[in-house]
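# Descriptive analysis of the structure
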Number of protein chains: 2
Amino acid sequence: MNKTLSVLFALLVFGGVVSPNAFAQKPAGKNSKQEALLNTDIEFAKASVGTSAAEAFAMYLADDSMQLPAGGNPIVGKQAILAGMRSGDVLSWEPKKAEVAKSGELGWTWGTFELHTKDAEGKPVVRYGKYVNIWRKQKDGAWKVILDMGNASPAPAAP
Amino acid sequence: MNKTLSVLFALLVFGGVVSPNAFAQKPAGKNSKQEALLNTDIEFAKASVGTSAAEAFAMYLADDSMQLPAGGNPIVGKQAILAGMRSGDVLSWEPKKAEVAKSGELGWTWGTFELHTKDAEGKPVVRYGKYVNIWRKQKDGAWKVILDMGNASPAPAAP
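What you are looking at is a predicted structure, and each value in this text was computed from that prediction instead of being measured. (Residues numbered from 1 in each chain as written. Chains lettered and ligands numbered in written order. Predicted model: local features only at pLDDT ≥ 70, side-chain atom pairs only at ≥ 80, totals over all residues. Heavy atoms only, no water.)

## Notes on the relation of the copies chain B and chain A
Mapping between the two copies of the chain is achieved by a rotation about an axis and a shift along the axis. It takes a turn of 180 degrees to lay chain B on chain A, together with a shift of 0.0 Å along the axis; the resulting RMSD is 0.0 Å. Taken together, the turn and the small shift mark the pair as related by a two-fold rotation axis. Of every C-alpha in chain B, the one belonging to S103 of chain B sits nearest the axis of rotation, 2.4 Å from it. Looking at the interface residues of chain B, 100% of them are also at the interface in chain A, so both copies use one shared face. (Least-squares fit on C-alpha atoms with pLDDT ≥ 70 in both. Contact = heavy atoms within 4.5 Å.)

Following this line, the structure appears as structure tokens:
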């Protein structure tokens, strides 16, 4: 890279015109299954914020899914999981990583979440945590969550 | 089966000489991968009680494993996970189910655990919970844990 190009590159990248990631695109292929599952979890998260957690879970849980809730006993089956969700809570999450088996039908994601809810006195509180979802590709090709587990994390340090 | 054989069968089975399960072996094949992974988690649990949780984790964690501890931030890498384990605690668990991808290199187990530890005053306490382990088969064919996550459960009802 000659000097002019270097300066141009620096301007584009560090001037914020182009993200450095734009120069580090992974080729499609080996990791495309991973990316597809990660994108599914991202869409799931968008649906939770855009509609409600219960509506998003209704879309993305497999019928035979299981939830392992923090502080509670295992909840078996999509309908039982949905019945246990509180309306009014806002659940948002950020998927961090996805992995898919070579055979393509089983995978998992993990990430961090924020639950905007109310405490026992009705005062708004934010709870922070992390989750693991295990996913199974359905016969129609759609990824659905077969296991959902979360636990608490410390609140992030103030910026 | 004629009458003599029937009586012999009944004697063997109900006399306790032969377990009824001996006649109900699942054929190796479809579920043998699941059983092998479940057995690996059972051996992992036995090692934890027989030696110590830290020694068992040292044997069964992949070098690049991650732990998502309840109440804490993610811990990345086997050495960091081992460094965070308290000596003296007794961690026992009961694997409930294993699933393995068709390709055979990725799987998961879940189960319930008991942690026999001490509270802030040094008094012995038992904490109950459940866990998910995600496993990856290594190049040498051994299953190792790549992700370990747990959270609390209510204490079981008194018998």
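## A few points about helix α3 (residues 53–60) of chain B
Residues and elements named next belong to chain B. For α3, the full list of buried residues reads A53, A56, F57 and Y60. For α3, the angular spread of buried residues about the axis comes to 100 degrees, placing them on one side. Contact partners of the buried residues in α3: α2 (32–50), β1 (61–68), α4 (78–83), β3 (90–100), β5 (124–137) and β6 (143–152). (Buried < 20%, exposed > 50% of the residue type's maximum accessible area, 1.4 Å probe, protein only. Helix = DSSP H or I, 4+ residues; strand = E, 2+ residues; numbered from the N terminus. Arc of directions from axis to C-beta.)

## A look at the pattern of salt bridges
For the coordinates displayed, the defined rule picks out ten salt bridges over all chains. Where D89 of chain A meets R86 of chain A, a salt bridge forms, and the shortest distance between an N and an O atom there is 3.6 Å. Relative accessible area serves as the criterion here: at 18%, D89 of chain A is assigned to the buried category. Among the salt bridges present, the one from E99 of chain B reaches R136 of chain A, with a minimum N-O distance of 3.0 Å. Here E99 of chain B is found in strand β3, whereas its partner R136 of chain A is found in strand β5 (residues 124–137) on a different chain. With a relative accessible area of 23%, R136 of chain A lands in the partly exposed category. (Salt bridge = Lys/Arg side-chain N within 4 Å of Asp/Glu carboxyl O.)

## Notes on the confidence of the model for chain A
All names here are of chain A. Residues at a pLDDT of 70 or more form 81% of chain A, whose mean pLDDT is 87. Counted against residues more than four places away or in other chains, residues 7–27, with its pLDDT under 50, gives 13 contacts. Note on the complex model: pTM 0.81, ipTM 0.81. (pLDDT = per-residue confidence, 0-100.)

## Some points on the sheet that holds strand β2 (residues 75–76) of chain A
Residue and element names in this part refer to chain A. An order of β2-β1-β6-β5-β4-β3 is seen for the six strands of this open sheet, with the pairing classed as mixed. The open sheet has two edge strands with one neighbour each: β2 and β3 (90–100). Here strand β1 (residues 61–68) pairs with strand β6 (residues 143–152) via four bridges, running parallel. Its bridge partner lying in β6, L61 is registered against V145. Taken strand by strand, helix α2 (residues 32–50) contacts β3, β4 (106–118), β5 and β6, and its axis lies near 175 degrees from that of β3. Running at roughly 120 degrees to β1, helix α3 (residues 53–60) makes contact with β1, β3, β5 and β6 of the sheet. (Pairing = 2+ DSSP bridges. Axes fitted to C-alpha atoms, helices over the stretch in contact; angles between N-to-C directions.)

## Some words on the pairing of β4 of chain A
All names here are of chain A. One ladder, built from ten bridges, connects β3 with β4; its direction is antiparallel. Looking at β4, one finds that E99 is bridged to W108. Strand direction decides the pairing type here: β4 and β5, joined by 13 bridges, are antiparallel. Bridge assignment links W108 to a residue of β5, and that residue is I134. Between the end of β4 and the start of β5, which pair antiparallel, lie five residues, with G122 showing a positive phi angle near 85 degrees.

## Here we look at α2 of chain A
All names here are of chain A. Its 19 residues give α2 an end-to-end C-alpha distance of 26 Å, which sits within 8% of 27 Å, the value for a rise of 1.5 Å per residue. Those residues of α2 that sit buried are L37, T40, D41, F44, A45, A47 and S48. Projected down its long axis, α2 shows its buried positions confined to an angular sector of 160 degrees, all on one face. Exposed side of α2, more than 90 degrees from the buried face: K46, V49 and G50 are the residues found there. In this fold, the buried residues of α2 make contact with α3, β3, β4, β5 and β6. (Expected span 1.5 Å × (residues − 1).)

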